[in-house]
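# What the coordinates show
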Amino acid sequence: MELAFIVLGLLTLTSAIAAMAMRQLVHCVLCLSVTLAGLGGFYLLLNAEFVAFAQILVYVGAVTILVVFATLLTRGGNPEVGVAIFSSSWFKGIAVAVLAAGSLLFCVLTTSSIQRPLTAKPKADVKMIGDKLMTSHVLALEVIGLLLTAAMIGAVIIAMPERPKESKVEN
Amino acid sequence: MVPLHYYLIFSVLLFSVGLAGVLCRRNAIIVLVGVELMLNAANLNFIAFWRYSAHPEAMTGVLFALFSIGIAAAEAAVGLAILVTFFRNRGDIAVDDASMMKG
């Protein structure tokens, strides 16, 4: 279990850093898909099988493809040689990220209440998740359905090319 | 089995990598990718806390992570649509050029 954690962690973290630092945008997105698949592996290690497969379906499947499409549609896949890929104030960004990491790590390492014993392997099959979704969490389920519909319509409307308005003027 | 700390430390590292990408990169698509990494780090925390909780049969962490995945998917779709429109208007998607609204 320890070995699986270390291997998955190294793979995921390395590909995340590569996704943030590589020059070619398509390479970045490929590294992102490795990161997301590695996180799916973490969910499997934590006995959350359904979330792991949802992660693979939604993130590795849909979101990555969406980002690839956006990359190709915006011609950003091939930045010219000599054009900076980092903003001019990148050192400030790195400093803020290191500061955030340091303070969060301090909190994690000094809090004693999170040292919990591991309980027996919990049962988390699809039937139980479905029961919970349809009984105690049904309102959240409906709201997220509404949100996804609104986001879909919104994305289509935002990305639609704007039509010239002269047809209305003629009438 | 790995203690809960390890998962939290890993998720802090993943979050900071995403944060550094959001703050440093010029391309708006990679900025969005960084946001996705940060959301995923938070999701890992939900699942880890659920697995190590005293009452995992309540399923709270799993359901929260599922809803979070759904919201992140919606966010990615709308964000990328905005970026495509922005590219159509400006011919570039560098975030430091996005100053039309004088923010």
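Everything here concerns the structure above.
Residues numbered from 1 in each chain as written. Chains lettered and ligands numbered in written order. Predicted model: local features only at pLDDT ≥ 70, side-chain atom pairs only at ≥ 80, totals over all residues. Heavy atoms only, no water.

With that out of the way, let us pick up the overall build of chain B. Each helix and strand in chain B was counted, giving three helices and zero strands. Listed by position from the N terminus, the elements making up chain B come as α-α-α. For 103 residues, the compact-globule estimate of 2.2 N^0.38 gives 13 Å, and the C-alpha radius of gyration of chain B, at 17 Å, exceeds that figure by more than 25%. Overall, the C-alpha framework of chain B stretches about 55 × 25 × 20 Å when taken along its three principal axes. For chain B, the proportion of its 103 residues judged to be buried stands at 62%. For chain B, the accessible area works out to roughly 3,800 Å², and carbon and sulfur atoms hold 70% of it. For chain B, the centre of its 6 positive side-chain charges and the centre of its 6 negative side-chain charges are spaced 6 Å apart. (Helix = DSSP H or I, 4+ residues; strand = E, 2+ residues; numbered from the N terminus. Rg over C-alpha atoms; globule rule 2.2 N^0.38 Å. Buried < 20%, exposed > 50% of the residue type's maximum accessible area, 1.4 Å probe, protein only. Areas by Shrake-Rupley, 256 points an atom, 1.4 Å probe, with all protein chains shown as cover. Lys, Arg positive; Asp, Glu negative; His and termini not counted. Charge placed at Lys NZ, Arg CZ, Asp CG, Glu CD.)

The next thing to look at is the overall build of chain A. Assigned secondary structure in chain A consists of seven helices and zero strands. Listing every helix and strand of chain A by position from the N terminus yields α-α-α-α-α-α-α. Over its C-alpha trace chain A gives a radius of gyration of 22 Å, far above what one expects of a compact globule, namely 16 Å for 171 residues. Within chain A, the proportion of its 171 residues that are buried is 32%. Across chain A, every contact between residues at least 6 apart in sequence was considered, and the portion connecting residues at least 24 apart equals 60%. By element, 73% of the accessible surface of chain A is carried by carbon and sulfur atoms, the whole surface being about 10,800 Å². Each charge sign in chain A was given a centre, from 11 positive and 9 negative side chains, and these centres are 5 Å apart. (Contact = heavy atoms within 4.5 Å.)

Here the focus is helix α1 (residues 2-21) of chain A. For α1(A), with 20 residues, the first-to-last C-alpha span of 28 Å sits near the 28 Å given by 1.5 Å per residue. When we look at burial in α1(A), the residues that qualify are Phe5(A), Leu8(A), Gly9(A), Thr12(A), Leu13(A), Ser15(A), Ala16(A), Ala19(A) and Met20(A). Along its buried surface, α1(A) packs onto α2 (25-45) of chain A together with α1 (4-24) and α2 (28-51) of chain B. (Expected span 1.5 Å × (residues − 1).)

Between chain B and chain A, the residue contacts involve 68 residues of the former and 83 residues of the latter. Regarding the contact of chain B and chain A, the summed buried area is about 6,900 Å², with carbon and sulfur atoms giving 80% of it. Area buried by chain B at its contact with chain A is led by Arg25(B), Arg51(B) and Phe67(B), which between them contribute 10% of it. Put simply, chain B and chain A have zero salt bridges between them. For the interface between chain B and chain A, the tally reads nine residue pairs in polar contact (both at pLDDT 80 or more). Sorting the residues of the side of chain B that touches chain A by element identifies α1, α2 and α3 (60-90) of chain B as the ones contributing at least two each. For the side of chain B that touches chain A, the element with the highest residue contribution is α3(B), accounting for 22 residues. (Buried area = accessible area lost by both parts, 1.4 Å probe. Salt bridge = Lys/Arg side-chain N within 4 Å of Asp/Glu carboxyl O. Polar contact = N/O pair within 3.5 Å; in protein donor to acceptor, adjacent residues only side chain to side chain.)

Below, the discussion takes up the pattern of salt bridges. Residue and element names in this part refer to chain A. Under the counting rule described, the total for this entry stands at one salt bridge over all chains. Residues lysine 127 and aspartate 131 are paired through a salt bridge, measuring 3.7 Å at the closest nitrogen-oxygen approach. With lysine 127 and aspartate 131 both in helix α5 (residues 126-134), this residue pair falls four residues apart, about one helical turn.

As a further point, take the nonpolar core. Counting residues in each nonpolar core, the largest one holds 66 residues, and the members touching the most others are Phe42(A), Val51(A), Tyr7(B), Phe10(B), Leu14(B), Ile47(B) and Val62(B). Only α1, α2, α3 (49-73), α4 (90-110) and α5 of chain A together with α1, α2 and α3 of chain B provide two or more residues apiece to this core. A per-element tally of this core places α3(B) first, with twelve residues. If near-sequence neighbours (up to four positions away) are discounted, Val62(B) is found in contact with Val51(A), Ile129(A), Ile47(B) and Trp50(B). In terms of nonpolar packing, the next biggest core, distinct from the first, is built from five residues, Ala97(A), Leu19(B), Ala20(B) and Met38(B) among them. (Core = buried A, V, L, I, M, F, W, Y, C linked by side-chain atoms within 4.5 Å.)

Nothing here speaks to function; it is all geometry.
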